[in-house]
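Residues per chain are reported as follows:
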Amino acid sequence: IGLRADMDALPMQQHNTIGHASQVAGKMHACGHDGHTAMLLAAAQQLAQSRNFNGTVRLIFQPAGEDGAGGWAMIEGTGTAFGVDCELAFTRTYPATVNHAKPAVLACEVMTDIVGADQVVDQQPAMTAEDLAFMLEAVPGCHVFIGNGLGDPRDVGHGSGPRTLHNASYGFNDALIPLGATYRVRLAERCLAPVGLPCTRGKCAFSTTTGSTVHL
């Protein structure tokens, strides 16, 4: 199983003055990638300590997830690492992000076990691009959203409502890190269950985004 987190920032000047605001002028985490990375690191620590799985968990820290096609670059790099040669013509256009049925059902079951069925809802299709689409063309998997809260903390005058991505007042909800980490750990344990326990076999890739809604 592959568990993926995107990790790049955006070329924006952060306007919030929260304690963990960006210290680099003109760059900030406006899409929650710092939180995604923290979730994956926490999941890695728990999986390394518990070893409650039978198989291989690959942690994918993907760069260039915002218009840089980093997912495609990693697919190409994997081929190079294993001595695979190829020729291709590539037009820099993102494919549609389409979840595979079995991984999507598994993700739904895992999150339902954690937060309850009333907190897991279907998401309407969106026109936004997602770098995981390249990986989903190579292996089965799914991309899910976890709600990011109502927007606190936020400076006075920066509006209210959900934490909308890609704006200068965005702030990741750190309270979600345990949930995101637990979700990843449970996915790995379900996909790679020890011998004698129910198991979902096959290579899969899973990823999350933090938005204003919860959807699977």
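Just so you know, the residues in each chain are numbered from 1, in the order the chain's sequence is written. Only residues with pLDDT of 70 or above have their local features reported here, since the model is predicted, and side-chain atom pairs are shown and tallied only from 80 upward, although totals for entire chains, interfaces and linings are computed over all residues. As a convention, hydrogens and water are excluded, and side-chain values are obtained from all of the structure's heavy atoms.

Visitor: Could you clarify how one ought to interpret the overall build of the chain in this entry?
Guide: Strands are runs of DSSP state E lasting at least two residues, helices are runs of H or I lasting at least four, and both sets are numbered from the N terminus onward. The secondary structure content of the chain amounts to 5 helices and 4 strands. For the chain, the sequential pattern of α-helices and β-strands runs β-α-β-α-α-α-β-α-β. Within the span of the chain, comprising 216 residues, buried residues form 40% of the whole. For this analysis, residues touch if any pair of their heavy atoms sits within 4.5 Å. Expressed as a percentage of contacts within the chain between residues at least 6 apart in sequence, the contacts between residues at least 24 apart total 77%. Put simply, the chain shows about 11,600 Å² of open surface, and 56% of that area lies on carbon and sulfur atoms. Burial status follows relative accessibility: with a 1.4 Å probe on protein chains alone, a residue under 20% of its type maximum counts as buried, one over 50% as exposed, and anything between as partly exposed. Exposure was quantified through the Shrake-Rupley algorithm and a 1.4 Å probe, taking into account, for residues, occlusion by the shown protein chains and nothing else.

Visitor: Would you take a moment to explain the side chain of aspartate 6 for this structure?
Guide: Relative to the elements of secondary structure, aspartate 6 occurs in strand β1 (residues 2–6). Residues scored as charged are limited to Lys and Arg (positive) and Asp and Glu (negative), so that His and the chain ends carry no count. Salt bridges are identified by distance alone: a Lys or Arg side-chain nitrogen within 4 Å of an Asp or Glu carboxyl oxygen. No salt bridge forms around the buried aspartate 6; measuring N to O, its nearest opposite-charge neighbour arginine 4 is 4.0 Å away. Among the polar contacts listed, one links the side chain of aspartate 6 to the side chain of histidine 33, at a separation of 3.3 Å. In protein, a polar contact requires one atom able to donate a hydrogen and another able to accept it; more generally it is a pair of N or O atoms within 3.5 Å, and residues adjacent in sequence count only if both atoms are side-chain atoms. Among the polar contacts made by the side chain of aspartate 6, one reaches the side chain of histidine 36 at a distance of 2.7 Å. In this view, aspartate 6 contacts His33, His36, Thr37 and Gln62; residues no more than four positions away in its chain are not counted.

Visitor: Help me understand the packing of helix α1 (residues 33–50) against helix α5 (residues 177–191), please; the structure alone is not making it clear to me.
Guide: Following both chains from N to C, one finds α1 and α5 inclined at 50°, their axes separated by 8 Å at the closest point. Between α1 and α5, the crossing angle belongs to the class labelled oblique. As α1 runs across α5, the sense of the crossing is right-handed. Between α1 and α5, the residues in contact are Gly35, His36, Ala38, Met39, Leu40, Ala42, Ala43, Gln46, Leu47 and Ser50 and Ile177, Gly180, Ala181, Arg184, Val185, Ala188 and Glu189, respectively. Axis angles are defined between N-to-C directions and span 0 to 180 degrees, where every axis is a line fitted to C-alpha atoms and, for a helix, only to the segment in contact. Orientation is classified from the angle alone, with under 35 degrees giving roughly parallel, over 145 giving roughly antiparallel, 65 to 115 giving roughly perpendicular, and any other angle giving oblique. Each crossing is labelled by how the near helix is turned from the far one, with a counterclockwise turn of less than a right angle marking it left-handed and a clockwise turn marking it right-handed.

Visitor: Just checking my understanding: could you explain helix α3 (residues 101–115) for this structure?
Guide: Within an α-helix, residues lying three or four positions from one another point in the same direction, as the helix has 3.6 residues per turn. To estimate how far a helix should reach, multiply one less than its number of residues by 1.5 Å. Taking 1.5 Å of rise per residue, the 15 residues of α3 would be expected to cover 21 Å, and the 21 Å separating its terminal C-alpha atoms lies within 8% of that figure. Taken together, the buried positions of α3 are Pro103, Leu106, Ala107, Val110 and Met111. Across the axial projection of α3, the buried residues extend over an arc of 125°, all falling on one side. Seen from the buried face of α3, the exposed residues on the opposite side, beyond 90 degrees, are Ala101, Lys102 and Asp113. To be clear, the arc concerns the directions from the helix axis to the C-beta atoms.

Visitor: Hey, could you run me through the packing of aromatic side chains in this one?
Guide: One pair of aromatic rings is described through two measures. These are the centre distance and the angle between the planes. Each aromatic pair joins two rings of Phe, Tyr and Trp (for Trp, the six-membered one) with centres within 6.5 Å, and gets the label stacked for planes under 30 degrees apart, edge-to-face for over 60, and tilted for any other angle. Per the counting criterion, the structure on display carries 2 aromatic pairs. Measuring from ring centre to ring centre gives 5.2 Å for tyrosine 94 and phenylalanine 134, while their planes differ by 55°; the resulting arrangement is tilted. Taken as a pair, tyrosine 94 in the loop between α2 (70–81) and α3 and phenylalanine 134 in helix α4 (residues 132–138) lie far apart in primary sequence, 40 residues in all. Counting every residue linked through ring pairs, the aromatic cluster contains Trp72, Tyr94 and Phe134.

Visitor: Teacher, can you tell me more about unusual backbone geometry here?
Guide: It is generally the case that most residues other than glycine have a negative phi and that most peptide bonds are trans. Backbone geometry at arginine 51 places phi at a positive 50°, although glycine is not the residue there. When you line up the elements, arginine 51 lands in the loop between α1 and β2 (58–62).

Visitor: Help me understand the nonpolar core, please; the structure alone is not making it clear to me.
Guide: Soluble globular proteins tend to pack their nonpolar side chains together in the buried interior. We call a set of buried Ala, Val, Leu, Ile, Met, Phe, Trp, Tyr and Cys residues a nonpolar core when their side-chain atoms join them within 4.5 Å. Grouped together as the largest cluster of nonpolar side chains are 31 residues, with contacts concentrated most on Ile1, Leu3, Leu47, Val57, Tyr183 and Leu187. Those elements giving two or more residues to this core turn out to be β1, α1, α3, β3 (141–147) and α5. At 6 residues, the largest contribution of residues to this core is made by α5.

Visitor: Looking at this structure, how should I read the confidence of the model for the chain?
Guide: Low pLDDT means the predicted coordinates in that region are not meant to be read closely. The predictor reports its confidence for every residue as pLDDT, a score running from 0 up to 100. Residues of the chain with pLDDT of at least 70 account for 79%, and the chain-wide mean is 80. For the chain, per-element mean pLDDT is lowest for strand β4 (residues 205–211), which scores 60, and highest for α3, which scores 93. This model gives residues 197–201 a pLDDT under 50, and the stretch forms 12 contacts once residues within four places in sequence are excluded. In this model residues 211–216 is a low-confidence stretch, pLDDT under 50, and it forms 28 contacts with partners more than four residues away in sequence or in other chains.

Visitor: I would appreciate a short explanation of the pattern of salt bridges in the present structure.
Guide: Working definition: two side chains of opposite charge can pair if their charged atoms are close together. One pass over the structure, following the stated rule, counts 2 salt bridges. The salt bridge partner of arginine 4 is glutamate 130, with a shortest N-O separation of 2.9 Å. Within this pair, whereas arginine 4 is found in strand β1, its partner glutamate 130 is found in the loop between α3 and α4, the two being separated by 126 residues in sequence. The class for glutamate 130 is buried, based on a relative accessible area of 13%. With a shortest N-O distance of 2.9 Å, arginine 190 and glutamate 109 are connected by a salt bridge. Residue arginine 190 is found in helix α5, and its partner glutamate 109 is found in helix α3; the two are separated by 81 residues along the sequence. On the basis of relative accessibility, which here comes to 28%, the residue arginine 190 falls in the partly exposed class.

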